[in-house]
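Chain by chain, the residues run as shown.
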Amino acid sequence: MKAITCKNCGKRVSKMPSTWTLDDCCFYCPDCWKALACHLCGHHDPKGIDFKGAWNCRVCRHKRQVKEKAGPSHAALQKLIIDESADCCTSSISSAAKWEAVKVLSTLETDSEDEDDVVCDLPDKAPKALEPYSRRRHVVLLVDASGSMRNEDVDLDTETSKELGKEQVNLSRLDAAELCSTKFAREHAQARPHDVFSVVTFHEKASVVANRISSAEMAHMAFEDRAANGTFYVQGLSEAARLLKASPELQGEVVLLSDGRPADTKQALQYFQDQFIRGQFAGVQLHGIGFGNRVESFAALQQLACLTGGTFVLSGSTVRGLCNAFSSVSSTITASSNKWVLAEAVDTTKTPQLKVVDFELPEVGIFGKKHVLRFHAARISFSYDGAAFHRQEFAAGPVVRRRMPYMRGGMRLVYGFQDEEVAKNGSWMVAKCSRYSNEILNSQLAVEAHAKSTAVARYFAARFNGRLQALGGEKLATLLFVPCFVYKVEGDAPINEPKCFAAERYLPGVFLKYNSNNGYVADALLHNDAVQSFLHFSFEESGGHFIVADLQGVARESEVLLTDPQVLSLTREYGAGDLGTSGYLRCLRAHRCGQACKKLGLTPISSSRMKRIESTAGALSGSSWQQVNHTSQVHSANSFGDWEKVSETAAAEYTMSQGQVSKYSRVVADSVS
């Protein structure tokens, strides 16, 4: 008799033991058959799927998928945040509390010499120490050439048709990508003429269309590979890695354009982590362009872009939208030298130590029996009335958190989280924990500083919205901040997990970065004028005591939902992201007043006024964030002054050197927090 072989593990026996199982003409040893039991219903299904470490039979997997599709939509989750913010707006607008801190603006009366001087000086150019990050770039463009890219459903409007010299017709998605990528290279070359481009089309295999060519040569490029088969990210990413490896002297940037979900989401994430997060290409940014209208279709692409600090743009289904998406990516690449600056730590014991983590797929609302942490935690919320914080504590209750994060920012890792007392009826939450193992960054003080920044931002947003509503006229977008809670673990925390962390409702959608806490300002974003004016409004409304910056979030038709703001105070009261006087002044210098500032009656920050602000702010600047808060309590004698802000690029440097931060005196840094 022929030897019998286990279908799963390959174990061979000479004859069929009684403990073995025969299913669909295949043999399984006892251990393998046991592993194929569905953890939900117990049914053995060799054709099931391993879902987040637990085996699911096909029936249960189908039920789960149906439930997920029937769960809360992105619009419904956003609406929950809008509804919760209504009470905050009402209470804050009616508040009679007055700001009691020193009024910086009281010494800054506008005199007649400012009447024609309404634009302050542009920020200084990057110092020479930053030049390594401004070197010539190698931009690798990965274009999805799967079968769906054959669809001729891309509208070429009259204006764009004339601009591109193309007859007005409906184009296939692949032809539109070819047309817009050529325009992208041409526009990008205006800001960075020495950069080179490589182009790769991919589906079940990848083809190099162009290798390190100039923008002029891109004009004669044609995609020889026609659309076919499915979308496989690993094929494109591995080809990008090969091209980048061949040009180690060039700073790499990857732009990935796709029109839907990949067939290899799990494999692509693993490969991406091995090569672009922990491997030799750590520090290379990936920028994603979703060719379509539904952000839900691009969760995997948005995740990859986020993990490297890149940008993700949803283009819609028109040539104009795709061209605008390429322009947005080009602006991000061009502006990457004007980001965070990190001073090297003098005391090496304070060097930020990155946690080593693996990321999971971005399905934040799903909790199985495996790879989750279940514990009890007390919840704390903060509100702000313009003069003081009000703290509300809730009794400890059961909460659940995914063990692995699915996203990250400059300072925090983001995990799927659930607290039934806050998020009911199937709505979702996320937990945010420090990316670093240093005790101070995981302390309750640090987490509360983050939550207090949000409380301050919510207060001033309510006043901002109320002011605009009272003025009437053309309606500007309403600004709303996602409420942030502090959680304290009751009893012993799970091993290697923090005792304290922040959590908030899940905010779905395409994230836009409007400005940073160190002078970065975006251009041409939806509702950009209103959001940028809020920074100026917070400066004047607080009497110059602080500004609310690092504004990022999701833009809707009439609202902008914002998260993770950073208050910049003269006394560094608001955590590790509060750069104090340096960040405060950089943001004011970078601000340009628009129609929203004019409508609100805000005083332009002119050159001469800026000089007076600088001298006054310098005199008032004081202690580190660990030493001061709004209740004037002293918490710690340790200072954060040696390394003011942990950054994305600093993290990449740390990763590449396997634990030793590179010895740059200053490091260019990413502005996502």
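- Named according to an unreviewed UniProt entry, the protein chain is Alpha-type protein kinase domain-containing protein originating from Durusdinium trenchii.

Points about helix 7 (residues 233–245)
And step 1. With 13 residues, helix 7 should cover 18 Å at 1.5 Å per step; its first-to-last C-alpha distance of 18 Å lies within 8% of that length.
And step 2. Those residues of helix 7 not exposed but buried are Tyr 233, Gly 236, Leu 237, Glu 239, Ala 240, Ala 241, Leu 243 and Leu 244.

Some thoughts on the nonpolar core
And step 1. Ranked by internal contacts, the top residues of the largest apolar core, which has 48 residues, are Leu 142, Tyr 233, Leu 237, Phe 276, Leu 286, Tyr 487 and Phe 501.
And step 2. Setting aside anything within four residues of it in sequence, one finds Leu 286 in contact with Leu 237, Val 254, Leu 256, Phe 272, Leu 301, Leu 304, Ala 305, Thr 308, Gly 310 and Thr 311.
And step 3. One finds Ala 451, Phe 460, Phe 464 and Cys 597 within the second-largest nonpolar core, a separate group that totals 39 residues.

Describing the side chain of Gln 273
And step 1. Considering the arrangement of structural elements, one finds Gln 273 in helix 8 (residues 265–277).
And step 2. The exposure class of Gln 273 is buried, given its relative accessible area of 2%.
And step 3. Among the polar contacts listed, one links the side chain of Gln 273 to the backbone nitrogen of Phe 359, at a separation of 2.7 Å.
And step 4. Excluding residues within four positions of it along the chain, Gln 273 makes contact with Arg 278, Gly 279, Val 357, Asp 358 and Phe 359.

Observations regarding the pairing of strand 24 (residues 552–555)
And step 1. Pairing geometry for strand 22 (residues 511–513) and strand 24, over three bridges, is antiparallel. In the strand pairing of strand 24, Phe 511 is matched with Val 554.
And step 2. Note: strand 24 against strand 25 (residues 559–563), four bridges, orientation antiparallel. Paired with Ala 555 across the two strands is Val 560, which belongs to strand 25.

Quick word on the pattern of salt bridges
And step 1. Applying the stated criterion to the full structure yields 23 salt bridges.
And step 2. Put simply, Arg 137 and Glu 253 hold a salt bridge, and the shortest N to O gap is 3.2 Å. You can see Arg 137 sitting in strand 7 (residues 137–144) and its partner Glu 253 sitting in strand 10 (residues 251–258), a full 116 residues away along the chain.
And step 3. We classify Arg 137 as buried; its relative accessible area is 2%.
And step 4. In this structure Glu 253 comes out as buried when scored by relative accessible area, which is 2%.
And step 5. A cluster of three or more residues bridged by salt bridges with shared partners is formed by Asp 153, Arg 173 and Asp 259.

What to know about the packing of helix 8 against helix 9 (residues 299–307)
And step 1. Two numbers describe how helix 8 lies on helix 9: the axes approach to 11 Å, and their chain directions differ by 10°. Judged on the interaxial angle alone, helix 9 and helix 8 are roughly parallel. Mapping the contact onto sequence places Thr 265, Leu 269, Phe 272 and Ile 277 in helix 8 and Ala 300, Gln 303, Leu 304 and Leu 307 in helix 9.
And step 2. A breakdown of the residues in the contact of helix 8 with helix 9 according to their chemical character gives six nonpolar, two polar and no charged.

Let's talk about the sheet that holds strand 22
One key point about sheets: their strands pair by backbone hydrogen bonds, in either a parallel or an antiparallel sense.
And step 1. Spatially, the four strands line up as an open sheet ordered 19-25-24-22, and their pairing is mixed. Strands with a single pairing partner mark the edges of an open sheet, and in this sheet they are strand 19 (478–481) and strand 22. Along the sheet, successive strands turn relative to each other by an average axial angle of 35°, direction set aside.

Quick look at the pairing of strand 9 (residues 206–213)
And step 1. In terms of strand pairing, strand 8 (residues 196–202) meets strand 9 through five bridges, oriented antiparallel. What sits directly across from Val 199, in strand 9, is Ala 210.

Brief notes about the sheet that holds strand 8
And step 1. Taken together, the six strands give an open sheet; going across it, the order is 9-8-7-10-11-12, and neighbouring strands pair in mixed fashion. Each edge of the open sheet is held by one strand with a lone partner, namely strand 9 and strand 12 (312–314). The sheet shows a mean angle of 15° between the axes of neighbouring strands, direction not considered.
And step 2. Across the sheet, helix 9 touches strand 10, strand 11 (285–290) and strand 12, and the angle it forms with strand 11 is around 155°.

Quick notes on unusual backbone geometry
And step 1. For His 371, which is not glycine, the phi torsion reads 60° and is therefore positive.
And step 2. Within the fold, His 371 resides in the loop between strand 13 (340–343) and strand 14 (372–384).
And step 3. For Asp 564, which is not a glycine, the phi torsion comes out positive at approximately 55°.
And step 4. Among the residues examined, Asp 564 registers a relative accessible area of 7% and is labelled buried.

Brief notes about the environment of Glu 363
And step 1. Here Glu 363 is to be found in the loop between strand 13 and strand 14.
And step 2. Taking the C-alpha atoms as reference, Glu 363 lies 9.8 Å from Tyr 415; in sequence the two are 52 residues apart.

Some details on the state of the cysteines
And step 1. For the structure on display, the rule yields zero disulfides.
And step 2. Cys 323 takes part in no disulfide bond, and the closest cysteine sulfur to it belongs to Cys 180, at a distance of 3.2 Å.
And step 3. Take Cys 323: its relative accessible area is 3%, and that puts it in the buried class.

Comments concerning helix 13 (residues 581–590)
And step 1. Of all ten residues making up helix 13, seven are buried, and the element is well covered by its neighbours.
And step 2. Among all positions in helix 13, only Thr 581, Gly 583, Tyr 584, Leu 585, Cys 587, Leu 588 and Ala 590 are buried.

Parameters at a glance
- Residues numbered from 1 in each chain as written.
- Predicted model: local features only at pLDDT ≥ 70, side-chain atom pairs only at ≥ 80, totals over all residues.
- Heavy atoms only, no water.
- Helix = DSSP H or I, 4+ residues; strand = E, 2+ residues; numbered from the N terminus.
- Expected span 1.5 Å × (residues − 1).
- Buried < 20%, exposed > 50% of the residue type's maximum accessible area, 1.4 Å probe, protein only.
- Core = buried A, V, L, I, M, F, W, Y, C linked by side-chain atoms within 4.5 Å.
- Contact = heavy atoms within 4.5 Å.
- Polar contact = N/O pair within 3.5 Å; in protein donor to acceptor, adjacent residues only side chain to side chain.
- Pairing = 2+ DSSP bridges.
- Salt bridge = Lys/Arg side-chain N within 4 Å of Asp/Glu carboxyl O.
- Axes fitted to C-alpha atoms, helices over the stretch in contact; angles between N-to-C directions.
- Parallel < 35°, antiparallel > 145°, perpendicular 65-115°, else oblique.
- Nonpolar A, V, L, I, M, F, W, Y, C, P; charged D, E, K, R; others polar.
- Disulfide = S-S within 2.5 Å.

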